[in-house]
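A closer look at the structure
Each chain is listed here by its residues.
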Amino acid sequence: MQTTYNKIFRPRAFRALTLIAAACLLAACAGNDEQETEIQSVTNAYEEAREAVSRRNYNRGIQIFEAIQARFPFSDLSRQIQLELMYAYFKAGRPEQAIDMADTFMRENPIHPRVDYALYIKALAYFEPEASWLERRFKADITERPPKDVMQAYSALRRLVERYPASEYAADAEQRMIFIRNRLAAYENHVADYYIRRGAYVAAINRTKTALEEYHGADSNAESLRLMARAYEKLGMHDLAEDTRRVLVANFPGSQ
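Residues numbered from 1 in each chain as written. Predicted model: local features only at pLDDT ≥ 70, side-chain atom pairs only at ≥ 80, totals over all residues. Heavy atoms only, no water.

Attention shifts here to the overall build of the protein. In terms of regular secondary structure, the protein is built from 12 helices and zero strands. Each helix and strand of the protein, placed in order from N terminus to C terminus, yields the pattern α-α-α-α-α-α-α-α-α-α-α-α. Across the 256 residues that make up the protein, the buried fraction comes to 46%. Restricting to contacts in the protein with at least 6 residues of sequence separation, those with at least 24 account for 58%. (Helix = DSSP H or I, 4+ residues; strand = E, 2+ residues; numbered from the N terminus. Buried < 20%, exposed > 50% of the residue type's maximum accessible area, 1.4 Å probe, protein only. Contact = heavy atoms within 4.5 Å.)

This part covers the packing of aromatic side chains. Evaluation of the coordinates by the stated rule reveals five aromatic pairs. Taken together, the aromatic side chains of Tyr117, Tyr120 and Tyr169 make up a single cluster linked through ring pairs. (Phe/Tyr/Trp six-rings, centres within 6.5 Å; stacked < 30°, edge-to-face > 60°.)

With 54 residues, the main nonpolar core has Ile68, Met86, Ile121 and Ile180 as its most contacted residues. The dominant element in this core, judged by the number of residues it contributes, is helix α6 (residues 115-126), at 10 residues. Excluding residues within four positions of it along the chain, Ile121 makes contact with Phe9, Met86, Tyr87, Phe90 and Ala98. Counting residues in each nonpolar core, the second largest holds 14 residues, with Ile196, Leu212, Leu225 and Ala231 among its members. (Core = buried A, V, L, I, M, F, W, Y, C linked by side-chain atoms within 4.5 Å.)

So, about the environment of Pro253. Along the chain, Pro253 turns up in the segment after α12 (238-251). Residues Pro253 and Ala222 lie 31 residues apart in sequence; the distance between their C-alpha atoms is 9.9 Å.

If you walk through the whole model with that rule in mind, you get 15 salt bridges. With its nearest N and O atoms 3.9 Å apart, the salt bridge here joins Glu168 to Arg114. Residue Glu168 is located in the loop between α8 (150-163) and α9 (170-197), and its partner Arg114 is located in the loop between α5 (95-108) and α6; the two are separated by 54 residues in the primary sequence. Residue Glu168 is classed as partly exposed on the basis of its relative accessible area, which comes to 43%. In this structure, Glu242 and Arg245 form a salt bridge, with 3.4 Å as the shortest nitrogen-oxygen distance. Residue Glu242 and its partner Arg245 are located together in helix α12, separated by three residues, close to a single helical turn. On the basis of relative accessibility, which here comes to 35%, the residue Glu242 falls in the partly exposed class. You can call Arg245 partly exposed: its relative accessible area is 28%. Each of Arg12, Arg114, Asp116 and Glu168 takes part in salt bridges that share partners, so that together they form one network. (Salt bridge = Lys/Arg side-chain N within 4 Å of Asp/Glu carboxyl O.)

In this section: the environment of Ala123. Here Ala123 shows up in helix α6. In this structure Ala123 comes out as buried when scored by relative accessible area, which is 1%. Counting along the chain gives 53 residues from Ala123 to Arg176, while the straight-line C-alpha distance between them is 9.5 Å.

Let us now look at α8. Look at α8: 20 Å from first C-alpha to last across 14 residues, which is about the 20 Å you get at 1.5 Å a residue. For α8, every residue scored as buried is listed here: Val150, Ala153, Tyr154, Ala156, Leu157, Leu160 and Val161. For α8, the angular spread of the buried residues around the axis is 165 degrees, confining them to a single face. Against α6 and α9 lie the buried residues of α8. (Expected span 1.5 Å × (residues − 1). Arc of directions from axis to C-beta.)

Another point: the confidence of the model for the protein. Across the protein, the average pLDDT comes to 84, with 78% of residues at 70 or higher. Within the protein, helix α11 (residues 221-234) carries the highest mean pLDDT (97), whereas helix α7 (residues 133-137) carries the lowest (41). In this model, residues 1-5 is a region of pLDDT below 50 whose contacts with residues beyond four sequence positions or in other chains number 10 contacts. Across residues 131-143 the pLDDT falls below 50, and counting only partners more than four positions away or on other chains, this stretch makes 15 contacts in the model. (pLDDT = per-residue confidence, 0-100.)

Here helix α10 (residues 201-214) is 14 residues long and its end C-alpha atoms lie 20 Å apart, about the 20 Å a rise of 1.5 Å per residue gives. Residues of α10 that are buried include every one of Tyr201, Ala204, Ile205, Thr208, Ala211 and Leu212, and no others. An end-on view of α10 places all buried positions within 120 degrees of arc, on one side of the element. Opposite the packed face of α10, turned more than 90 degrees from it, sit the exposed residues Val202, Glu213 and Glu214. Buried residues along α10 sit in contact with α9 and α11.

We now examine a nonpolar patch on the surface. The grouping of Val202, Leu235, Met237 and Leu240 at the surface amounts to a nonpolar patch, some 310 Å² of accessible area in total. Counting through the fold element by element, Val202 comes out in helix α10. (Patch = residues over 30% accessible without salt bridge, like charges linked within 9 Å, V, L, I, M, F, W, Y side chains within 5 Å. Areas by Shrake-Rupley, 256 points an atom, 1.4 Å probe, with all protein chains shown as cover.)

Below, the structure written as structure tokens:
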């Protein structure tokens, strides 16, 4: 996958003044000395957690963020901590928790200006861009693997692009959608080829139609048409096979 859309963004940090204001509200009932201690404690803890995450010590950052959130729920500070946590969960290899946190944030804050970020992290948590080390070791084609969770990733990315076209994450989301569309179309072709080899020609045609209709513009659309023509030939439907080959040549010059 190209590095142009392999960039992961961190949530923007809570401004120091905003953090202090939030801490003041949280500590409003305390005396002056106690309030000052509370403000400093929250500020230090937040900065320590962000520093831990920046050093890739995600578990430490998560531990501190979770402690702050538990101490001050249902506040502006808590909402910022949710954004920090969903990122840290994702980077720590805990996608289920990242998704749960993103869903919770969007459910509780449907008009918050950072909903686009929550959608982005949710999509990334579902996203599977690369083969595992075992697949790389044996040079396996990941397009032959059932597309686990990629439809959820595609749905979240599409929602982000459609609802927040001006988002700083929209361009990256569009590139990931292209990658997913290509992968899903290629998987449909693998299934269609499997059906052809086992004589299930109608099922093969249906899978190639799905690849062409649902993932129009995918890199493997030419292969979808070739498989469709083969399946029609196997069924003795020579006119439809020839029509399919004409469409193939017209749309992909030089293809046979």
